[in-house]
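Working through the structure, step by step
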Amino acid sequence: MKRGIVLILFVLLLLFVTGCVFALTASEILDEMEARRTRFTTQKTVGRIVLVDASGKEEAREMVMYSKDEGEDKVSLIFRFLSPADVKGVTLLSLRNGEKIYLYMPAYKKVRLIAGSSKSEKFMGTDFTYDDLSGGYGKEDYESTLKGEDDTNYYLELIPKKADSKYGKLSMTVDKEKFYFKKIDFFDTAGNLWKTLEVHEVREREDGSIQILKLSLKDVKENHATIMEVSSIEEDIPLPDDFFSVRTIQRPTL
Amino acid sequence: MKRFLAGVVVLLFGCVLGPVWALETQGNVAAFSSYSFQERDLDYGIKVNFSSTIPLDSRYFGNVELLLKYQDENNIRPLRVREVSFQGVQAPWDTTDFRVGLLEVTWGASDVMSPVDVLNPRPFSRDLSADVLGEKIPVPALDFEWYLNATWSLEFFYQPRFVANFVPEFVEKQFLLPSLLPFGVDPQRTNVVITRDEPPVSFSSPIWALRARGSMGAFDIALSYIQGYFLSSYPRKTTITLLPEGLWDVQVHSGYPKRSVLGLEFQGTLAGIEGLTLRGDVAFVVPEKWMHTVILPQGGEVQIPVFDTPYWKASLGVDYSWNNTYVNLAYLLGNFWEEGERVSPYGYFHVDWQSEDGKWKPFLNCVTSFEDGSTVWMLGTEYKPRGNWHVTLTYSVSSGAQGSKLGSVGEGIALEVKYSF
């Protein structure tokens, strides 16, 4: 009997110790997410953006996006609307996570440099800011804490390191098995829920990395949402060195 | 009759463009009207903008942009070509792009009345809206750009035929007659005949321009040089004759003086001031010496200098955006129509705010002449009721003495309804 109790205690202790050893910290979860992030040098994405207003009315916009990993967690991208008519051909160039952002509007045949705070303005009526389109939410920009977990998810809290951030904190739900964020709640500096980003569809590639195929961003305050759906992705496509340039965004076709 | 003509224009549009509808096309249809409270005059019209790009292969394209415009008066012509061009991208070499054909070329970084954006002439308009101020007349030209690397390029522009601004003759006479008052001419009893000598522009003696542009830190800059002619005519010789019935006969010989324009463009941000962008264009204009000789009815002549010395023009602005609000403040030295000693300083202010649902965008524009204090205010809103529909309503009012720079704009209201396709 005594030996039985000792064995149970030993097993429980072992479980506790191994649990402590293998439980992931918030930082490790973010590292794992980073490791599962799709690796590419260059990428071409074709998809659709659906804007949903407060009354539920939808307006669809087709787009093509080219992106390039510049190293040091910097991404350059070119984003062009293919429809509808009033924004067709409008093209954004973001160099190295928005160090410089240019907008080309074919009607004016002119390339405009966009100022710093414009990066936090909404892009062409969507709920995404220029910053959102320019890069992700890197670990270096946030203090992270693991707030809990269950069978399927980790729950993280991210506090922006920048004092002038528009967000007070982010609550992130991370899939335990595939290590991608399923949902992020963005809170303003007063602690009120502002936006919710949800991932609806992903594809796990052979190397274990995760590609997001459909996500939505809802602005809770304005009761407005943007849904992004990817219809095709090509990776590591050959692009000339000077592709991400003002020259390219003035072309009739990309 | 006018309504009938408007209908014909729309039908014509359908017939002409129907067959090419299957191509990659886009454009818009806009109906516009404005009412002047002073003159109790209603102007109205309809315009169709249409553009199509025809990919010939991955590097060569055909571009067609048409503007079909009916307006009840002062229209240059109902069907205007905005651009018909053959375009090469990374062609004929990887480091070069070109366009050749009837071109619209936009130079300059500033948002308002760039003094370096003078390669294309412009149609006449009394309207001061950005949409109308942006209208240009295309020119036959080659625009060739050589990219030295990802940030620096050298552009060459070659134009073998001269094209002038479109100014209705009655407007030209309105400008001319006051200058003849000192010679005793009665504008009410005067017959004016204007003849214009076109400048000798040809394949071997073209209008040409060079522009080097690139990036330096947070600023994009460009340096340009244009060798060409003024796009509006200036009188060279005016002969005034007093006819026996007490009428005046005025024969005006006009021409287009030569000019060289050295330009600087820049746009950039300042570290530490987020949301702020500086944009500006500066032009140093060296005109041909131009003298207006007036032959007086009693014999003898008077020499009036039109262009004597080089002069500066500029548009220097700063814009700032935050929370869907956009503010633009600019200092203008000269407008599109002022040259030489007529160049005068203006202040420009614009603010707009976009509603959270993106449907409303109220705006305020203000232009003030620093020379005489005359001012134009434009207050309005853009409204996007659904999809591709845009409505713009503008109320404008001016202040200033008779004959001041902006006082004659008066009070009016304008409405435009646009559908993009």
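Here the structure is a predicted model, which means the values were calculated and not measured.

1. Examining the overall build of chain A
A count of helices and strands for chain A gives 4 helices and 13 strands. Classification of the 254 residues of chain A by burial places 29% in the buried group. Once local pairs closer than 6 in sequence are excluded, the contacts in chain A between residues at least 24 apart make up 40%.

2. As for the overall build of chain B
Counting its secondary structure elements, chain B contains 3 helices and 23 strands. A compact globule built from 421 residues should have a C-alpha radius of gyration of about 22 Å, and chain B, at 23 Å, falls within 12% of that. On the principal axes, the C-alpha backbone points of chain B span a range of 70 × 55 × 50 Å. Looking at chain B residue by residue over its 421 residues, the buried ones come to 32%. Sequence-distant contacts in chain B: of pairs separated by 6 or more residues, those separated by 24 or more amount to 56%.

3. Some details on the sheet that holds strand β8 (residues 190-197) of chain B
All names here are of chain B. A sheet is described by the order of its strands in space; here 5 strands give the open sequence β8-β12-β11-β15-β16, paired in mixed fashion. The outermost strands of the open sheet, each flanked by one partner alone, are β8 and β16 (301-307). When strand polarity is set aside, the average angle formed by the axes of neighbouring strands in this sheet is 15 degrees. Pairing analysis gives 6 bridges linking strand β15 (residues 290-295) to β16, with the strands arranged antiparallel. Following the sheet pairing, T293 is matched in β16 by Q303. Each of β8, β11 (234-242) and β12 (248-255) is contacted by helix α3 (residues 169-180), which is oriented at about 110 degrees to β8, the strand it contacts most.

4. Some points on the environment of S404 of chain B
All names here are of chain B. Residue position: S404 is located in the loop between β22 (389-399) and β23 (412-420). According to the C-beta neighbour criterion, S404 is partly exposed, with 17 such atoms within 10 Å. Along the sequence, S404 and D372 sit 32 residues apart, while their C-alpha atoms lie 6.5 Å from each other. Aside from chain neighbours lying at most four places away, what touches S404 is S369, D372 and S374.

5. Considerations on the nonpolar core
In terms of nonpolar packing, the biggest core is built from 42 residues, with I29, I78, L93, Y102, L156, M172 and V174 of chain A touching the most fellow members. The residues touching L93 of chain A, leaving out its near neighbours within four places in the chain, are I78, I101, Y102, F244, V246 and I249 of chain A. Of all hydrophobic cores here, the second largest spans 32 residues; its members include V118, L332, L333 and V409 of chain B.

6. A few points about the confidence of the model for chain B
All names here are of chain B. On average, chain B scores 87 in pLDDT, and the residues at 70 or more come to 91%. Within chain B, strand β7 (residues 153-159) carries the highest mean pLDDT (98), whereas helix α1 (residues 2-17) carries the lowest (41). On the interface metric, ipTM, the complex scores 0.83, and its pTM is 0.82.

7. Topic: the environment of I237 of chain A
All names here are of chain A. By the element assignment, I237 lies in the loop between β13 (224-235) and α4 (246-249). Under the C-beta neighbour-count criterion, I237 is labelled partly exposed, with 13 such atoms within 10 Å. Residues I237 and E149, 88 residues apart in the sequence, show an inter-C-alpha distance of 39 Å.

8. Description of the environment of Q227 of chain B
Residue and element names in this part refer to chain B. Tracing the sequence through the fold places Q227 in strand β10 (residues 219-229). Along the backbone, Q227 and S260 are 33 residues apart, and their C-alpha atoms lie at a distance of 4.7 Å. Among all residues touching Q227, those that are not within four sequence positions of it are I207, W208, A209 and S260.

9. Section: the interface of chain B and chain A
The interface of chain B with chain A comprises 31 residues on the first partner and 25 residues on the second. Where the side of chain B that touches chain A is concerned, the elements lending two or more residues are β2 (41-55), β3 (60-71), β13 (258-269), β14 (276-287) and β17 (311-322) of chain B. A total of 3 residues in the side of chain B that touches chain A trace back to one element, the largest contributor, which is β13 of chain B. A breakdown of the residues in the side of chain B that touches chain A according to their chemical character gives 8 nonpolar, 18 polar and 5 charged.

10. So, the pairing of strand β10 (residues 181-188) of chain A
All names here are of chain A. Note: strand β9 (residues 167-175) against β10, 7 bridges, orientation antiparallel. Looking at the pairing, M172 lines up with I184 of β10. Where β9 hands over to β10, the hairpin turn is made up of 5 residues, of which F179 adopts a positive phi near 55 degrees. Summarising the sheet, β10 and strand β11 (residues 193-204) pair through 5 bridges and their orientation is antiparallel. What sits directly across from K183, in β11, is E198.

11. Considerations on the confidence of the model for chain A
As a general rule, the predicted coordinates of low-pLDDT regions are not to be interpreted in detail. All names here are of chain A. Looking at chain A as a whole, the pLDDT averages 83, with 84% of positions reaching at least 70. For chain A, the element scoring lowest by mean pLDDT is helix α1 (residues 2-22), at 55; α4 scores highest, at 93. In the model, residues 17-21 has pLDDT below 50 throughout and makes 0 contacts with residues more than four positions away in sequence or in other chains.

12. Side note on the pairing of strand β21 (residues 375-383) of chain B
Residues and elements named next belong to chain B. Looking at chain direction, strand β20 (residues 360-369) and β21 are connected through 9 bridges and run antiparallel. Pairing of V367 across the sheet is with V376, part of β21. From the end of β20 to the start of β21, which pair antiparallel, there are 5 residues, and G373 there has a positive phi angle of about 80 degrees. Hairpin connection between β21 and β22: a loop of 5 residues separates the two successive antiparallel strands, and G387 in this loop has a positive phi of roughly 30 degrees.

13. Looking at helix α2 (residues 26-36) of chain A
Each full turn of the α-helix corresponds to 3.6 residues, which orients residues three or four apart in the same direction. All names here are of chain A. Listed in full, the buried residues belonging to α2 are A26, I29, L30 and M33. Looking down the long axis of α2, one finds its buried residues gathered within 100 degrees of arc, a one-sided arrangement. Exposed and oriented more than 90 degrees from the buried face of α2 are E28 and A35. On the buried face of α2, the contacting elements are β7 (142-149), β8 (153-160), β9 and β10.

Conventions adopted
Residues numbered from 1 in each chain as written. Chains lettered and ligands numbered in written order. Predicted model: local features only at pLDDT ≥ 70, side-chain atom pairs only at ≥ 80, totals over all residues. Helix = DSSP H or I, 4+ residues; strand = E, 2+ residues; numbered from the N terminus. Buried ≥ 20, exposed ≤ 12 C-beta atoms within 10 Å, placed from the backbone. Contact = placed C-beta atoms within 7 Å. Rg over C-alpha atoms; globule rule 2.2 N^0.38 Å. Pairing = 2+ DSSP bridges. Axes fitted to C-alpha atoms, helices over the stretch in contact; angles between N-to-C directions. Core = buried A, V, L, I, M, F, W, Y, C linked by C-beta atoms within 7 Å. pLDDT = per-residue confidence, 0-100. Nonpolar A, V, L, I, M, F, W, Y, C, P; charged D, E, K, R; others polar. Arc of directions from axis to C-beta.

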